[in-house]
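Given next are the chains, with one letter for each unit.
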Amino acid sequence: MLLKDKVAIITGCNSEIGMGWAAAIKCAEQGADVVVCDYRTDQLDQLTARIDALGHRAIWLRADISDQAQVERVVDKAIETFGHIDVLINNAGIASDNGPFLECSEEMLDRNIAVNFKGAWYFCQAVIPHMRKQGGGAIVNNASLNATRPVAGWAPYTTSKMALIGMSKSIAYEFGVDNIRSNCIAPGPIRTELGLGGSRRVAEELDIPFDEAVKLAEHANVLGRWGSPGEAADLMVYLASDMASFVTGSTIDVGGGFVAGL
Ligand SMILES: NC(=O)c1ccc[n+]([C@@H]2O[C@H](COP(=O)([O-])OP(=O)(O)OC[C@H]3O[C@@H](n4cnc5c(N)ncnc54)[C@H](O)[C@@H]3O)[C@@H](O)[C@H]2O)c1
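The rules behind the values
- Residues numbered from 1 in each chain as written.
- Predicted model: local features only at pLDDT ≥ 70, side-chain atom pairs only at ≥ 80, totals over all residues.
- Axes fitted to C-alpha atoms, helices over the stretch in contact; angles between N-to-C directions.
- Helix = DSSP H or I, 4+ residues; strand = E, 2+ residues; numbered from the N terminus.
- Parallel < 35°, antiparallel > 145°, perpendicular 65-115°, else oblique.
- Left-handed = near helix turned anticlockwise from the far one by under 90°.
- Contact = placed C-beta atoms within 7 Å.
- Nonpolar A, V, L, I, M, F, W, Y, C, P; charged D, E, K, R; others polar.
- Near = placed C-beta within 6 Å.
- Domains from an automatic or database assignment.
- Buried ≥ 20, exposed ≤ 12 C-beta atoms within 10 Å, placed from the backbone.
- Arc of directions from axis to C-beta.
- Expected span 1.5 Å × (residues − 1).
- Bend = angle between axes of the 7 residues up to and from the residue.
- Pairing = 2+ DSSP bridges.
- Right-handed = clockwise from strand over helix to strand, strands pointing away.

Brief notes about the packing of helix H1 (residues 19-29) against helix H9 (residues 229-240)
So, step 1. Two elements in contact, H1 and H9, have axes whose closest approach is 8 Å; the angle formed by their N-to-C orientations is 55°. Relative to H9, the element H1 is oriented oblique. Between H1 and H9 the crossing geometry is right-handed. In this structure, H1 uses Met 19, Trp 21, Ala 22, Ala 23, Lys 26 and Cys 27 to contact H9, whose residues at the interface are Pro 229, Gly 230, Ala 232, Ala 233, Asp 234, Met 236 and Val 237.
So, step 2. A class-by-class count of the residues in the contact of H1 with H9 yields 10 nonpolar, one polar and two charged.

Here's what the structure looks like:
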């Protein structure tokens, strides 16, 4: 078991076909107790019940991660319930509020920064003091191949995810001495609500059927298919575990050999 007796906080878990859900199940399968949160909560009873059935403890909390006070409440509750936090997976994100660069309003930029970047920033600031006291921990941030290999029409998203990578590297540098590791995963097209939402937008922009837009993503990587949430979650679990004990400050692609983007 890679995460035996660890406690993990995972954000953005309310979708059964999402990466956060898959990460929560996989962390529990590897021995962790889990705190899950999201600003939508209708599926979270079901998720925590699944984790209970695996023999591990799980609690869910409602939180809009763009609000620092709500983030701090999640971390306080995690400590109150479990006494320690060993793993933080900053997974929640949005891909809405994007468009051609000159048409992007300040509000669109702010929304992407607030959720995709500042939400993770708030969590790191709240969790790191606990990890420091405990003698270490692992942070995994869900960035995107869209950060490192941008395409047109996604500047707010790309900018927010690139900021996330910058934060992750800064934390790795500053807290290596405290045995805290910080890494990013950079997924390519993963078949989730958010991923398929991207295809919906492509279909509208190119005026093509949705199915055709879904297929376009398959041509953007050398394996010729979408990835599954579990394939991305496996990388999160690896980075969260002692298997990755000498890996920090890294951004690792999970994109089937993505060939699109700059
Ligand atoms: N699917 C892809 O192709 C892809 C590719 C690269 C990166 N990503 C990143 O992966 C992460 C997970 O996305 P996913 O694809 O599994 O989709 P998803 O829609 O299942 O996950 C996003 C989750 O974040 C939650 N969320 C959004 N705003 C929030 C907020 N303000 N507070 C709390 N929770 C909030 C949503 O409710 C949702 O459950 C995101 O950060 C996304 O940017 C996705």
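Regarding the site of the ligand
So, step 1. Around the ligand, a shell composed of 30 residues is seen, among which Gly 12, Gly 18, Gly 93, Leu 194 and Gly 195 lie nearest.
So, step 2. Only H1 and helix H7 (193-206) provide two or more residues apiece to the shell around the ligand.
So, step 3. The leading source of residues in the shell around the ligand is H7, at three residues.
So, step 4. Split by residue class, the shell around the ligand holds 13 nonpolar, 13 polar and four charged.
So, step 5. Counting only domains with at least three residues in the shell around the ligand, you end up with domain 1 (7-188 + 228-253) and domain 2 (191-226).

Observations regarding helix H2 (residues 44-53)
So, step 1. Those residues of H2 not exposed but buried are Leu 44, Leu 47, Thr 48 and Ile 51. Down the axis of H2, the sector holding all buried residues measures 95°, keeping them to one side. The outward face of H2, more than 90 degrees from its buried face, is lined by the exposed residues Asp 45, Gln 46, Ala 49, Asp 52 and Ala 53.
So, step 2. Summarising the contacts, the buried residues of H2 are in contact with H1, strand E2 (33-38) and strand E3 (58-62).
So, step 3. Of the residues one or two after H2, Gly 55 is the one with positive phi, at around 90°.

Points about helix H4 (residues 106-134)
One turn of an α-helix holds 3.6 residues; hence residues three or four places apart share an orientation.
So, step 1. With 29 residues, H4 extends 40 Å from end C-alpha to end C-alpha; this agrees with the ideal 42 Å at 1.5 Å per step.
So, step 2. The largest bend in H4 is about 40°, located at Lys 118.
So, step 3. One or two positions beyond H4, positive phi appears at Gly 135, with a value near 100°.

A few points about the pairing of E3
So, step 1. Two elements, E2 and E3, share five bridges in a ladder whose sense is parallel. Bridging from a neighbouring strand, Val 35 pairs with Ile 59 of E3.
So, step 2. On the question of chirality, the crossover connecting E2 to the parallel E3 by way of H2 is right-handed.

Description of unusual backbone geometry
So, step 1. One non-glycine residue with positive phi stands out, namely Asp 97, at about 60°.
So, step 2. Inspection of the secondary structure puts Asp 97 in the loop between strand E4 (87-90) and H4.
So, step 3. Assessed through the 17 C-beta atoms surrounding it within 10 Å, Asp 97 is described here as partly exposed.

Concerning the domain arrangement of the chain
So, step 1. Domain assignment breaks the chain into domain 1 (7-188 + 228-253) and domain 2 (191-226).
So, step 2. Computed over C-alpha atoms, the centres of domain 1 and domain 2 are 24 Å apart.
So, step 3. Facing the nine residues of domain 1 at the interface are seven residues of domain 2.

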